[in-house]
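Examining the three-dimensional arrangement
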Amino acid sequence: MTKPLGAIPAGFSAGDDGVLSIGGRSVHELVAEAGDTPLFVYDLGLIDERIARFRRAIPGVELHYAIKANTYTPLLAHVAKHVDGLDVASGGELGSALASGMAPGLISFAGPGKRDKELRSAIQVGVTINCESEGEAERALSIGGAEGVAPKLAVRVNPDFEIKGSGMRMGGGAKPFGVDAERVPALVRRIVAGGGDWRGFHIFAGSQALDAAALIEAQRATLELAGALSAEIGAAPPMVNLGGGFGIPYFHGETPLDIEAVGRALALELSNRHENLVNTEFAIELGRWVVGEAGVYLTRIVDRKVSHGKTFLVTDGGMHHQLAASGNFGQVIRRNYPAAIASRMAQPATEEASIVGCLCTPLDRLADDVMLPRADVGDIVAVFMAGAYGLSASPQAFLGQQAALEMAVGTGI
Ligand SMILES: *Cc1c(COP(=O)(O)O)cnc(C)c1O
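All figures in this text were calculated on a predicted structure; none of them were measured in a lab. Positions within a chain are numbered from 1, following the residues in the order the chain's sequence is written. Thresholds applied to this predicted model are a pLDDT of at least 70 for local features of residues and 80 or more for the giving and counting of side-chain atom pairs; totals over whole chains, interfaces and linings are not thresholded and use all residues. For side-chain calculations, the full set of non-hydrogen atoms in the structure is used, while hydrogens and water are omitted.

Some remarks on helix α6 (residues 134-147)
Rule in force here: Counting from the N terminus, the helices are DSSP H or I runs at least four residues long and the strands are E runs at least two residues long. By this rule the span expected of a helix is its residue count minus one, scaled by 1.5 Å. Think of it in three bands: with a 1.4 Å probe and only protein chains considered, a residue is buried below 20% of the maximum accessible area for its type, exposed above 50%, and partly exposed in between. The directions considered for the arc are those from the helix axis to the C-beta atoms.
Between its first and last C-alpha atoms α6 spans 20 Å; for 14 residues at 1.5 Å apiece the expected length is 20 Å, and the two agree. Listing the buried residues of α6 in full gives Glu-136, Ala-137, Ala-140, Leu-141, Ile-143 and Gly-144. Buried residues along α6 cover an arc of 165° about the axis, so they all sit on one side. In this structure, α6 carries Gly-145 and Ala-146 as exposed residues pointing more than 90 degrees from its buried face.

What to know about the side chain of Asn-241
This is how it is decided: The contact criterion used throughout is that any non-hydrogen atoms of two residues lie within 4.5 Å.
Looking at the secondary structure, you find Asn-241 in strand β14 (residues 239-241). With a relative accessible area of 5%, Asn-241 lands in the buried category. Non-local contacts of Asn-241, meaning those with residues more than four positions away in its chain, are made with His-64, Asp-87, Phe-201, His-202, Ile-203, Ala-283 and Glu-285.

Things to note about helix α3 (residues 73-82)
Three or more residues of α3 are buried, namely Leu-75, Leu-76, His-78, Val-79 and Ala-80. For α3, the elements touching its buried residues are β4 (39-43), α2 (44-57), β5 (62-66), β6 (85-88), α4 (91-99) and α10 (288-291).

A short note on the packing of aromatic side chains
In plain terms, the rule: Paired rings are identified among Phe, Tyr and Trp, the last through its six-membered ring, by centres lying within 6.5 Å, and are further divided according to the angle between planes into stacked (under 30 degrees), edge-to-face (over 60) and tilted (the rest). Distance and angle both matter: a charge sits over a ring if NZ of Lys or CZ of Arg is within 6 Å of the ring centre and within 35 degrees of the ring normal.
Per the counting criterion, the structure on display carries 10 aromatic pairs. Seen in terms of ring centroids, Phe-40 and Tyr-42 are 6.2 Å apart; in terms of plane orientation they differ by 20°. Their pairing is stacked. You can call Phe-40 buried: its relative accessible area is 0%. A relative accessible area of 1% means that Tyr-42 is categorised as buried. The lysine or arginine in question, Arg-50, covers the ring of Trp-289, its NZ or CZ lying 4.2 Å from the ring centre. Sitting over the face of the ring of Phe-109, Lys-114 holds its NZ or CZ atom 5.4 Å from the ring centroid.

Points about the environment of Pro-338
Within the secondary structure, Pro-338 sits in the loop between α11 (323-326) and β18 (339-341). Residue classification places Pro-338 among the buried positions, given a relative accessible area of 0%. For the pair formed by Pro-338 and Pro-249, sequence separation is 89 residues and the distance between their alpha carbons is 9.6 Å. Setting aside chain neighbours within four positions, we find Pro-338 in contact with Gly-6, Ala-7, Ile-8, Pro-9, Tyr-250, Ala-382, Val-383, Phe-384 and Met-385.

Quick notes on the site of the ligand
The test is simple: Near, as used in this document, describes a residue that has one of its heavy atoms within 4 Å of the molecule or strand being considered. Distance and chemistry together define a polar contact, namely a pair of N or O atoms within 3.5 Å, with one atom able to donate a hydrogen and the other to accept it when in protein, and with adjacent residues in sequence counting only for side-chain atoms on both sides. Put simply, Ala, Val, Leu, Ile, Met, Phe, Trp, Tyr, Cys and Pro go in the nonpolar bin, Asp, Glu, Lys and Arg in the charged bin, and everything else, Gly too, in the polar bin.
All residues adjacent to the ligand are Ala-66, Lys-68, Arg-156, His-202, Phe-204, Ser-207, Glu-285, Leu-286, Gly-287, Arg-288 and Tyr-389. Between the ligand and Gly-287, the relevant distance is 2.9 Å, taken from an oxygen atom to a main-chain nitrogen or oxygen of the residue. One of the side-chain nitrogen or oxygen atoms of Tyr-389 is found 2.5 Å away from an oxygen atom of the ligand. Per-class residue counts for the shell around the ligand are four nonpolar, three polar and four charged.

As for the pairing of strand β9 (residues 152-158)
Heads up, the rule is: What makes two strands pair is DSSP finding at least two bridges between them. By convention a crossover is right-handed if, when the strands point away from the viewer, the path from the first strand over the helix to the second runs clockwise.
Most of β9 sits out of view: six of its seven residues are buried. Two strands pair when backbone bridges link them, and strand β8 (residues 128-131) and β9 are joined in this way by three bridges, in the parallel orientation. Looking at β9, one finds that Cys-131 is bridged to Val-155. Regarding the hand of the β-α-β motif, the stretch spanning β8, α6 and β9 is right-handed. Two strands pair when backbone bridges link them, and β9 and strand β13 (residues 197-203) are joined in this way by six bridges, in the parallel orientation. Bridging from a neighbouring strand, Arg-156 pairs with His-202 of β13.

Put into structure tokens, the structure is as follows:
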């Protein structure tokens, strides 16, 4: 049975020759310049448009980029110039963030399992550590003591609520992330008494939400929680990181998030915030919403074959570069990402085919049972929504296939 593809995101079109262009340049030209396929192309101009849209929709709230979505060096250096902070989740990401040119004071470091040497590097340069547990906070305090600096410590709160796909669930429950809300006041007092520079709260309630109402409710609950915690502590947090969770529409039938509605509701909530939060700075941390739609994965068809009446277009790419498009990165039911035959954008979809990767495993599927123009060996396939959790979240070493190339296009702001 034919299955639908996701909708191609805005900002991509075919040139007069019917070939997909990215950042105003034909994919043939881009592949020739890169020298080979598979190739990720990131359009920095589209990223700039996203950042500008965030600024218009949610003025007065800082935008932080969660770099685990995409750490390609030129992309990260570009994004770092246009956002207010970077959020990292490992010592390796900390190194990338520092190399991007972002001031250390504007970097925060979350994530469980931070090792002493990672804490030390962060504390030495003045990066804020989002403490994931009491034990981690103690280690950071003693490293700060040994280094002779007051470590900048925020507390990641495990909230009693969670944003889920569409709607908000109460009862966040047991998690390896953050400190349960009721233990946060005691930890903040301990940080202050132990010589730490308490920076505030980090409250992250979920990811990939497309429903504005669910996000609005989560942000309302987050502000309420931050107000209640600061009242109990009796001190004002310098910064509250409100989390993020802004989703992008990967699959057929999904609709983009109305961030303008989110911004209007947040402005209202902020105007009524708890008195302890009057001088607090607020941040939203986003990964996929900033960069996800700006990336395209290009892979070439190396074989065309038929099995039991079904046509397979076999490419030189696959799940080792674009795990999420194969359906193996957190999806319960596999659905098709947006994809197209980039070299035949103007031709009608006349045949049903499946696009697969070159890995010797049935997991390696890029598009299942979709209608496409008739494509052949040498044609270029584009898989969209490849700007976030593409290469940074894929098992590139699996099966020893060729590494993917990456390229940034677009002049930017
Ligand atoms: C992964 C992560 C993000 C980014 O998530 P997106 O869905 O890409 O926006 C933000 N904050 C934290 C704490 C994360 O772990």
